[in-house]
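Remarks on the overall topology
Letter by letter, the chains look like this.
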Amino acid sequence: MNDLTLFNDLFDGFGDDFAFPTLALNKVLPNPKVDVKEDKDAYTLEMDLPGKTEKDIDIELKDNVLTISSESKSVKDEKKEEKKEERDGTKWLIKERSYSKFSRSFTLPNDVDCEKLAASVKDGVLVVTMPRHETAQAKRITVKTA
């Protein structure tokens, strides 16, 4: 991908009416894709995170909002690598995998039991299980005469 292609992708929303273009950051800085399913006992969120381990993933729950984030390779590591390149005479022609960061937030339904959330990652797929509160069974109340 050359710089012009990147620029064109950024301003992909430029319409025929010559209005201001919309910035399509999701093409350049994509968020991981998510699937959420529900059954009678729980909600399950699955997120594709290829190459990530449990050490790379941060999950936070605050005010009924679940936030999943990750950041890979610090700027400090980048500077070390640049110095190494200067010493050994190598030069990167394309370097797209050096740094990544994302954060996604989800408002949880009221029936989620926040105390019992569980998360696991396997083969680049994060699975967050959100059990539901046990619903109170309908109770029959007998009416007596006074």
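Use the structure listed above.
The structure reproduced in this document is the subject of the present report.

How each quantity is defined
- Residues numbered from 1 in each chain as written.
- Predicted model: local features only at pLDDT ≥ 70, side-chain atom pairs only at ≥ 80, totals over all residues.
- Heavy atoms only, no water.
- Helix = DSSP H or I, 4+ residues; strand = E, 2+ residues; numbered from the N terminus.
- Buried < 20%, exposed > 50% of the residue type's maximum accessible area, 1.4 Å probe, protein only.
- Contact = heavy atoms within 4.5 Å.
- Areas by Shrake-Rupley, 256 points an atom, 1.4 Å probe, with all protein chains shown as cover.
- Salt bridge = Lys/Arg side-chain N within 4 Å of Asp/Glu carboxyl O.
- Pairing = 2+ DSSP bridges.
- Axes fitted to C-alpha atoms, helices over the stretch in contact; angles between N-to-C directions.

1. Some words on the overall build of the protein chain
The helix and strand inventory of the protein chain stands at 3 helices and 7 strands. Of the regular secondary structure in the protein chain, the N- to C-terminal order runs α-α-β-β-β-β-α-β-β-β. In the protein chain, which comprises 146 residues, the proportion classed as buried is 20%. Across the protein chain, every contact between residues at least 6 apart in sequence was considered, and the portion connecting residues at least 24 apart equals 53%. Here the protein chain displays about 12,300 Å² of accessible surface, and carbon together with sulfur accounts for 52% of that area.

2. Considerations on the pattern of salt bridges
With the rule as written, the count across this model stands at 4 salt bridges. Across the salt bridge formed by Asp-113 and Lys-116, the nearest N and O atoms sit 3.8 Å from each other. On the basis of relative accessible area, Asp-113 is assigned to the buried category, the value being 13%.

3. Looking at unusual backbone geometry
Of note in the backbone geometry, Asp-63 takes a positive phi value of approximately 50° without being a glycine. Tracing the sequence through the fold places Asp-63 in the loop between β3 (57–62) and β4 (65–72). Given the relative accessible area of 71%, Asp-63 is considered exposed. The residue Asn-64 is not glycine, and still its phi comes out positive at about 65°. Along the polypeptide, Asn-64 turns up in the loop between β3 and β4. You can call Asn-64 partly exposed: its relative accessible area is 23%.

4. With respect to the sheet that holds β4
An order of β3-β4-β5 is seen for the 3 strands of this open sheet, with the pairing classed as antiparallel. Taken across any chain shown, the strands that pair with only one partner, and hence form the sheet edges, are β3 and β5 (100–107). For this sheet, the mean angle separating the axes of adjacent strands, direction not counted, is 15°. As paired strands, β4 and β5 are joined by 8 bridges and run antiparallel to one another. Paired with Ser-70 across the strands is Phe-102, a residue of β5.

5. Points about the sheet that holds strand β1 (residues 34–38)
Ordered in space as β1-β2-β7-β6, the 4 strands form an open sheet in which the pairing is antiparallel. Strands with a single pairing partner mark the edges of an open sheet, and in this sheet they are β1 and β6 (118–122). Taken pair by pair, the neighbouring strands of this sheet meet at an average axis angle of 15°, ignoring direction. With 5 bridges joining them, β1 and strand β2 (residues 42–48) adopt antiparallel strand pairing. The residue of β2 that forms the bridge with Val-34 is Met-47.

Nothing here speaks to function; it is geometry throughout.
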